[in-house]
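Chain by chain, the residues run as shown.
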Amino acid sequence: MPRASLIALGLCLPILAGCIQSDMDFDLRPDRISTRGTGETAPRPEPDANGLITYDSYQVAVARRGDTVTDVATRIGMDPAELARFNGRTPTDPLRAQEILALPRRVTPATGTGTDIASIASGAIDAAEAQQQPTSPAALSVQPGEEPVRHRVGRGETAYSIARLYGISVRSLAEWNGLGPDLAVREGQFLIIPLVIDEAPAPTGGAAPGTSVAPLPPSATTPLPPAIQQAALPQSRTTAAPAPEPPPPAAPTARFSMPVSGNIIRPYGSGNEGIDIGAATGTPVRAAGDGEVAAITQDTDQIPILVVRHPDGLLTVYANIRNISVARGDRVTQGQSLAEVGPGDPSFLHFEVRRGFEAVNPTQYLP
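The rules behind the values
- Residues numbered from 1 in each chain as written.
- Predicted model: local features only at pLDDT ≥ 70, side-chain atom pairs only at ≥ 80, totals over all residues.
- Heavy atoms only, no water.
- Buried < 20%, exposed > 50% of the residue type's maximum accessible area, 1.4 Å probe, protein only.
- Helix = DSSP H or I, 4+ residues; strand = E, 2+ residues; numbered from the N terminus.
- Pairing = 2+ DSSP bridges.
- Phe/Tyr/Trp six-rings, centres within 6.5 Å; stacked < 30°, edge-to-face > 60°.
- Lys NZ or Arg CZ within 6 Å of the ring centre and 35° of its normal.
- pLDDT = per-residue confidence, 0-100.
- Contact = heavy atoms within 4.5 Å.
- Salt bridge = Lys/Arg side-chain N within 4 Å of Asp/Glu carboxyl O.

J.: Mind showing me how you'd approach the pairing of strand β11 (residues 275-278) here?
T.: Where a strand is regular, its side chains alternate between the two sheet faces. By the alternation rule, side chains of β11 split into I275 and I277 and D276 and G278, which are all buried. The sheet contact formed by strand β10 (residues 264-266) and β11 spans two bridges and is antiparallel. By the bridge assignment for β11, I264 is matched with I277. Pairing of β11 with strand β19 (residues 348-355) involves four bridges; the strand directions are antiparallel. Paired with I275 across the strands is F351, a residue of β19.

Structure, rendered in structure tokens:
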């Protein structure tokens, strides 16, 4: 190569390196060889005390300095092998601070999805509730506003090509996902795509081509409307005598019936988010109330869990069962047989009642 060409090349390399490290993105398609600016992106939400960022349809866990995959899984109550497998890693892999791991299913700070029966039931509820109303703020802090896209890295993709695909800067992609200084990504890795909150208008007044603007999340400072007070009806003017005393309230009827007959061998509380009812293996398990089968699932040990959604927003959970006789989406009536009690020593049915993601004491709903 002539000496003049080498000098020119040496002068161009620093300029090119500076462009690559900037927020400009190069689109190298033949019909569009140009540079393109990117919209301003929102900062990534801060994780909660358990290291979780929760959206309506998925969750991610944020690693801390010195964490391995096992450390993150232990913190959120998930099986390390399951979390590692879902993210294409091994349980002993070290993680960078702020690196994210996608969760294969929703977990709650109170229970996670461990291997005990109560935790397994919680995982089934999470799956059933993914289509429901947002959870109680006391149980999970669901991020408001638009939900970021969750992108799974395909073969041959890089951080640059993914950033270009969504019209964002590679820097914001790295910050949201805790990428390393080399910006390396791997096939099968999950990334969350930053939300664009501001973008300079195109010269014609329209939006820049190839990009989209995400709406701002709703303001958390807007006060809720005052509670509606029910107006008291005026007393009839034709009634001279005072109104008679109301009759004493009738004895309350139980909301649910017992799913099996037997003694409670493990009560609610002390880490148990339901009750364990002693019953012989093969005993019919009956629906505690009218509702719809919301989920039928099982854990890695093939332990079945069944969740029924009831009209008043309550969920009932049945675990340690076998021979399930209903299907997801079936309508069931109180007392209808759903399954049988599974084997155990002793054999028992694990039963939970939940309002959204919040566990409540089942005995207050039972006779």
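J.: I tried to follow the packing of aromatic side chains on my own but got confused; where do I start?
T.: In this description, a pair of aromatic rings is defined by centroid distance and the angle of the planes. The tally for this structure, following the rule as stated, stands at four aromatic pairs. Where Y318 meets F351, the ring centres are 5.4 Å apart and the plane angle is 55°; that geometry is what we call tilted. Pair noted here: Y318 is in strand β15 (residues 314-319) and F351 is in strand β19, with a separation of 33 residues, a long-range link. The ring of F190 has R150 sitting right over it, with the charged end atom 4.7 Å from the ring centre.

J.: I keep staring at unusual backbone geometry and nothing clicks. Help me out?
T.: Phi is mostly negative for residues that are not glycine, and the peptide bonds are mostly trans. Cis geometry is found at the peptide bond from D345 to P346, where omega equals 5°. Examined against the element boundaries, P346 turns out to sit in the loop between β18 (337-341) and β19. Its identity as a non-glycine residue notwithstanding, L183 has a phi of 60°, on the positive side. Along the chain, the position of L183 falls in the loop between α6 (170-177) and β8 (190-192).

J.: Is there a simple way to explain the confidence of the model for the chain in this structure?
T.: Detailed reading of the predicted model is not advised wherever pLDDT is low. Scored by pLDDT, the chain has a mean of 73; 64% of the residues are at 70 or more. Per-residue pLDDT, averaged within each element of the chain, yields its smallest value for strand β2 (residues 34-36) (29) and its largest for strand β12 (residues 284-286) (96). Contacts from residues 110-119, a stretch scored under 50 in pLDDT, to residues over four places away or in other chains number 34 contacts. With pLDDT under 50 throughout, residues 224-234 is counted as low confidence; its partners more than four residues away or in other chains account for zero contacts.

J.: Quick question: what am I supposed to make of the sheet that holds β18 here?
T.: Either a parallel or an antiparallel arrangement is found when strands of a sheet pair, and the pairing is made through backbone hydrogen bonds. Read across the open sheet, the three strands follow the order β12-β18-β16; overall the sheet is antiparallel. This sheet does not close on itself; its edge strands, each paired only once, are β12 and β16 (321-322). Pairing analysis gives three bridges linking β12 to β18, with the strands arranged antiparallel. When the sheet's bridge partners are listed, V285 is paired in β18 with A339.

J.: Sorry if this is basic, but what is going on with the pattern of salt bridges here?
T.: Side chains bearing opposite charge may pair, as long as their charged atoms lie close to each other. Evaluation of the coordinates by the stated rule reveals twelve salt bridges. Across the pair E187 and R155 runs a salt bridge whose closest N-O atoms are separated by 3.7 Å. Separated by 32 residues along the polypeptide, E187 in the loop between α6 and β8 and R155 in the loop between β7 (150-152) and α5 (159-166) bring together distant segments of the chain. We classify R155 as exposed; its relative accessible area is 71%. Connected via shared salt-bridge partners are R89, D93, R96 and E99.

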